[in-house]
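Survey of secondary and tertiary structure
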Amino acid sequence: MNNDLMKIVEETKKLKTLVLEDEPETNELMCTTLRNFFSEVHSAVDADSAMELFEKHSPDIIFIDIILPGKSGLDVAKEIREINPKQIIVIVSASNDMGNISEAVKIGVNNFIRKPIDTDKMIDVLKDIVADLKKQKKNRTKIFSITLPLDLYEQVDQDAKGESISKNAMIIRALKHFYNL
């Protein structure tokens, strides 16, 4: 397995996914493929069961077919987007309908995969998703300030200078050690 693929798997194995595909063979193929990448793979063949699984399992990524019996995949994507505006949604479709594609863009889906599903394309999409998740995680850091007693501040300052790192880095290291992170 090449190094890039190993890095993708390392990241995606921490995640859960949901597949909404009404064609049994395609659903099974997608789920089988995705089990190589994700810690949990949930499968739905219609909109109602997909929404139940979404609410029950809170998947990190959802793969949705556009053309479904009853409610369309785009309607499901819109409903999910209303519940969780940051949900990662990947549309999977054989349709070339520009109306569907422009609607998906309006909804704000994260990516598209054309049927028949190509493994290389799936890996490219997963690579993009991992990059997006890393960006989101980086942007989720919190800013806080602390007040230290003067003797502790001087000790942190002295230790930080001794290691040529910032005082903030020294405090973060101590907090990580304290909390076993």
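Everything that follows concerns the structure shown earlier in this document.
Keep in mind that what you see is a predicted model, and the values were worked out from it rather than measured. (Residues numbered from 1 in each chain as written. Predicted model: local features only at pLDDT ≥ 70, side-chain atom pairs only at ≥ 80, totals over all residues. Heavy atoms only, no water.)

1. Here we look at the overall build of the protein chain
Along the backbone of the protein chain there are eight helices and five strands. The order of helices and strands in the protein chain, counted from the N terminus, is α-β-α-β-α-β-α-β-α-β-α-α-α. For a compact globule of 181 residues, the expected C-alpha radius of gyration is about 16 Å, and the protein chain comes in at 22 Å, more than 25% above that figure. Along the first, second and third principal axes, the C-alpha atoms of the protein chain reach 70 × 40 × 30 Å. Put simply, the protein chain has 181 residues, and 36% of those count as buried. In the protein chain, the share of contacts with a sequence separation of at least 24, taken over all contacts with a separation of at least 6, comes to 59%. If you sum the accessible surface of the protein chain, you get close to 11600 Å²; carbon and sulfur atoms cover 53% of it. (Helix = DSSP H or I, 4+ residues; strand = E, 2+ residues; numbered from the N terminus. Rg over C-alpha atoms; globule rule 2.2 N^0.38 Å. Buried < 20%, exposed > 50% of the residue type's maximum accessible area, 1.4 Å probe, protein only. Contact = heavy atoms within 4.5 Å. Areas by Shrake-Rupley, 256 points an atom, 1.4 Å probe, with all protein chains shown as cover.)

2. Re a negative patch on the surface
Together, Asp118, Asp120, Asp124, Asp128 and Asp132 make up a region of like negative charge exposed at the surface. Tracing the backbone through its elements, the reader meets aspartate 128 in helix 6 (residues 119–139). (Patch = residues over 30% accessible without salt bridge, like charges linked within 9 Å, V, L, I, M, F, W, Y side chains within 5 Å. Salt bridge = Lys/Arg side-chain N within 4 Å of Asp/Glu carboxyl O. Lys, Arg positive; Asp, Glu negative; His and termini not counted. Charge placed at Lys NZ, Arg CZ, Asp CG, Glu CD.)

3. Points about the side chain of aspartate 65
Relative to the helices and strands, aspartate 65 resides in strand 3 (residues 61–65). A residue is classified by how much of its surface remains accessible, and aspartate 65, at 4% relative accessible area, is buried. A polar side-chain atom of aspartate 65 sits 3.3 Å from a polar atom in the side chain of lysine 115. (Polar contact = N/O pair within 3.5 Å; in protein donor to acceptor, adjacent residues only side chain to side chain.)

4. As for the pattern of salt bridges
In total, this model carries nine salt bridges according to the counting rule given. Residue lysine 167 is joined to aspartate 157 by a salt bridge in which the shortest nitrogen-to-oxygen separation is 3.5 Å. On the criterion of sequence distance, the pair formed by lysine 167 in helix 8 (residues 167–178) and aspartate 157 in helix 7 (residues 150–163) is long-range, its members being ten residues apart. With a relative accessible area of 31%, lysine 167 lands in the partly exposed category.

5. A few points about the nonpolar core
With 23 residues, the main nonpolar core has Phe37, Phe38, Ile61, Phe63 and Leu126 as its most contacted residues. Looking at this core, the elements with two or more residues in it are helix 1 (3–12), helix 2 (24–34), strand 3, strand 4 (88–93) and helix 6. For this core, the element with the most residues is helix 6, which contributes six residues. (Core = buried A, V, L, I, M, F, W, Y, C linked by side-chain atoms within 4.5 Å.)

6. What to know about a nonpolar patch on the surface
On the surface, Phe144, Ile146, Leu175, Phe178, Tyr179 and Leu181 cluster together into a nonpolar patch covering about 730 Å² of accessible area. By secondary structure assignment, the location of leucine 181 is in the segment after helix 8.

7. A closer look at the pairing of strand 3
Among the five residues of strand 3, five are classified as buried, and the element is accordingly described as predominantly covered. Of the two faces of strand 3, the one carrying Ile61, Phe63 and Asp65 and the one carrying Ile62 and Ile64 are both buried. Two elements, strand 1 (residues 16–20) and strand 3, share four bridges in a ladder whose sense is parallel. Of the residues in strand 3, the one forming a bridge with threonine 17 is isoleucine 61. The sheet contact formed by strand 3 and strand 4 spans five bridges and is parallel. What sits directly across from isoleucine 61, in strand 4, is isoleucine 88. Assessed by its sense of winding, the connection that carries the chain from strand 3 through helix 4 (residues 73–83) to strand 4 is right-handed. (Pairing = 2+ DSSP bridges. Right-handed = clockwise from strand over helix to strand, strands pointing away.)

8. Some words on the packing of helix 3 (residues 47–57) against helix 4
Close contact between helix 3 and helix 4 brings their axes to 11 Å; oriented N to C, the two are set at 20°. Accordingly, the angle class assigned to the pair helix 3 and helix 4 is roughly parallel. Two packed elements cross with a definite hand, and for helix 3 against helix 4 that hand is right-handed. Residue-level inspection shows Ala47, Met51, Phe54 and Glu55 of helix 3 in contact with helix 4, the latter providing Val76, Glu79, Ile80 and Ile83. (Axes fitted to C-alpha atoms, helices over the stretch in contact; angles between N-to-C directions. Parallel < 35°, antiparallel > 145°, perpendicular 65-115°, else oblique. Left-handed = near helix turned anticlockwise from the far one by under 90°.)

It is worth stressing that arrangement in space is one thing and function is another; only the former is reported here.
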